[in-house]
Amino acid sequence: MQSAISVRNVTKTYEEGASKVPALQGVDLDVFPGEVVLLMGPSGSGKTTLLSVMGCILRATSGSVRVNGIETARLSEKELPSIRLEHIGFVFQGFNLFPTLTVGENVELALDLKGVRGEKAKKEARRLLGLVALDQKYNTFPSDLSGGQKQRVAVARALAGSPSVILADEPTAALDGHTGRAVMQTMHDLAHKHGRAVVVVTHDSRVLEFGDRIVHMEDGRIVPSRQEAEMVRIPPMAEVETFPAAYQA
Amino acid sequence: MTLTGIVFSIVLIVVELGLFVGFTVTTSSIIDRTNADLWVVSRGTPYIEQGAPFPERKLYQVLATPGVAVAEKGIVRFAYWKAADGSEQSVQVVGFDPHSQIGGPWNIVAGDIQELQKPDAVMVDEIYRQKLGVTRLGELFEIAGYRGRVVGFTRGIRAFTTTPYVFTTFKNAQNYVRIGDDQTLFILVRAQPGTKVEDLQARLRERLTDVDVLTKDQFSRMTRFYWMFTTGAGIAVLIAAVLGLVVGVVVVAQTIYATTMDHIREFGTLKAMGAGNGYIYRVIITQAVISAVLGYAVAMIVSAFIVHASQSGGAAILLPLPMAVGIFFLALLMCVSAAVVSIKKVTHLDPAMVFKG
């Protein structure tokens, strides 16, 4: 099976004045469609940098980054946004919803970026919000939503345009345990029911059960992890808040 | 908040520029509102208030010059007004012939121009009523020991020196400013239709000695230049206008920049979602244009009140249409320029910030 994201011998070095700070040092990683990869490690270990490199937001200093087979290292700065737009959906720790737009408009904006506008965009936005059971909040402003609801809107927004890769940065950090698990259940379903490749950066050990693989990072490198060896796929828990089962994205 | 900053800036610019325009227009309003093509003045007269007497027989030389349609004597000079209660006030006496079609007051709101033909009759502007101690039409006063009577009021004829204009007949004015019966300060000339003003000016210069012959524009410009640049008052107003403009530009730039920076995270999110720089430029520029248009609209409403209120005050704030249009484009330019500065910041966003909580 072709990997959705393939990272080979990637390095990333930040230059801070005269000194150089290595953030990634020869990282290799494949993420396949239909799996949830949890990216874990201490602060400063390079998780977010790796997520940024995989998301074509940061350029690697050296190495190869392929997204659905496309070598992004050779693409120009102007070409990278179109890779993000077409292949990748992002979910952020702080939700990053646009506060002056309604829930529906937040999703419509993501669709607008992909060239879907007007009635078609409204219909699609409502469908995506339906996937996270928030279509009834279409005209609500983010400030009137709970943290969990905001993150579910962010997930719906990330699904706009049906990207094959979902990159999530600490999606449960701002949520209570129950809500966090619900969001992770959504991530899990996206991978297992809809074949998306999902990468989640997390410190939250409560969500380990939703990952198919744990990739542990330290000092810019992927290191063997005890949890990874012990990792087993655990079915979604019955007490977790559930969203509509039939994801059609 | 953004709108408040833009409105404040535009109103500030309107007030400062409006004062400057008001000042400029007021200094030469008598010349500009007098429908004479040419002004004959004593040699070396630098501005209207500085006219020196010369023999009025030159009027006949002017009238005998081919191309002259109308020529009339005129006076503009400082004098002292003594109110009924004995208080004194400096005024500028404007003497003209009420029978003629040249010179005289405009915007008459009480009385009639023909009433000026009555003995000792004058008209003053209503904004100076209190200053001159005039409570009603028919009020008596003295100038240079001669009696006068107010027969009408004008509106909006203010003198930049704050010394009120007193319109009266040429004969009265001669008495009020104490020049000889056979003297005048100006001769106002209108060219016959089809006669080129510059040609007539040249002919008059050939015929007349010891006087200058100036076109209306030349004399107006000289007067404005004198008050603008020779006196400290003009420079002060000019500097205030420039400062108002600079402060306005800075406030708008700062406001737009701060607004964009307030939303930097949202722009970062847009970039992460795959928005190209072009898309983000469009968003920022559109926001700036909307801010400029809304800010301008609100500012113009506020300015209209200020301009209206200034009409009854000591200093005129004018907002002519070309200035209003110019300020619209200035507001647009300020907002878009400030947006362009913030665009640079947005396009150089550290992508990692998007992933921080």
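Residues numbered from 1 in each chain as written. Chains lettered and ligands numbered in written order. Predicted model: local features only at pLDDT ≥ 70, side-chain atom pairs only at ≥ 80, totals over all residues.

A. Quick look at the overall build of chain B. Helix and strand counts for chain B stand at eleven helices and twelve strands. Across the 357 residues in chain B, those meeting the buried criterion constitute 44%. Across chain B, every contact between residues at least 6 apart in sequence was considered, and the portion connecting residues at least 24 apart equals 83%. (Helix = DSSP H or I, 4+ residues; strand = E, 2+ residues; numbered from the N terminus. Buried ≥ 20, exposed ≤ 12 C-beta atoms within 10 Å, placed from the backbone. Contact = placed C-beta atoms within 7 Å.)

B. Structural view of the interface of chain A and chain B. Between chain A and chain B, the residue contacts involve 21 residues of the former and 14 residues of the latter. Residue assignment for the side of chain A that touches chain B shows that the elements contributing at least two residues are α1 (47-54), α2 (80-87) and α3 (103-113) of chain A. With four residues, the top contributor of residues to the side of chain A that touches chain B is α2(A). Here the side of chain A that touches chain B is composed, by residue class, of twelve nonpolar, six polar and three charged. (Nonpolar A, V, L, I, M, F, W, Y, C, P; charged D, E, K, R; others polar.)

C. The arrangement of the sheet that holds strand β10 (residues 221-223) of chain A in detail. All names here are of chain A. On the basis of which strands lie adjacent, the open sheet formed by six strands has the order β6-β7-β8-β3-β9-β10 and mixed pairing. The sheet is open, and its two edges are formed by β6 (88-91) and β10, each paired on a single side. Direction aside, the axes of adjacent strands within the sheet are offset by 25° on average. Here β6 pairs with strand β7 (residues 165-169) via four bridges, running parallel. If you follow F90 over to β7, its bridge partner there is L167. (Pairing = 2+ DSSP bridges. Axes fitted to C-alpha atoms, helices over the stretch in contact; angles between N-to-C directions.)

D. View of the sheet that holds strand β1 (residues 5-16) of chain A. Residue and element names in this part refer to chain A. Across the sheet, four strands lie side by side as β2-β1-β4-β5; this open sheet has antiparallel pairing. Looking along the sheet, the strands with just one partner apiece sit at the ends: β2 (19-31) and β5 (70-71). Alignment of strand β4 (residues 62-67) against β5, held across two bridges, turns out to be antiparallel. Each residue of the ladder has a partner; that of R66, found in β5, is E71.

E. Structural view of the pairing of strand β4 (residues 88-96) of chain B. Residues and elements named next belong to chain B. Relative to β4, strand β3 (residues 68-82) runs antiparallel, the two being bridged by eight bridges. For F78, the partnering residue across the bridge sits in β4 and is Q92. The loop that links β3 with its antiparallel partner β4 comprises five residues; one of these, G86, has a positive phi angle of about 95°. Sheet topology note: the β4/strand β9 (residues 165-169) ladder contains five bridges and is parallel. Along β9, the bridge assignment pairs V93 with V166.

F. Representation of the confidence of the model for chain A. Residue and element names in this part refer to chain A. Looking at chain A, pLDDT values average 86 and 90% of them are 70 or higher. Per-element averaging of pLDDT across chain A places helix α7 (residues 226-230) at the bottom with 49 and β4 at the top with 95. Contacts of residues 228-249 to residues separated by more than four positions or lying in other chains number 33 contacts, the stretch itself having pLDDT below 50. (pLDDT = per-residue confidence, 0-100.)

G. Summary view of the pairing of β7(A). Residue and element names in this part refer to chain A. When you tally the buried positions in β7, you get five out of five residues, the bulk of the element. Neither face of β7 is left uncovered, since the one carrying V165, L167 and D169 and the one carrying I166 and A168 both have all their residues buried. Sheet topology places β7 next to strand β8 (residues 197-201); five bridges connect them, and they run parallel. Within β8, the residue paired with A168 across the bridge is V200. Note that the unit made of β7, helix α6 (residues 177-194) and β8 has a crossover that is right-handed. (Right-handed = clockwise from strand over helix to strand, strands pointing away.)

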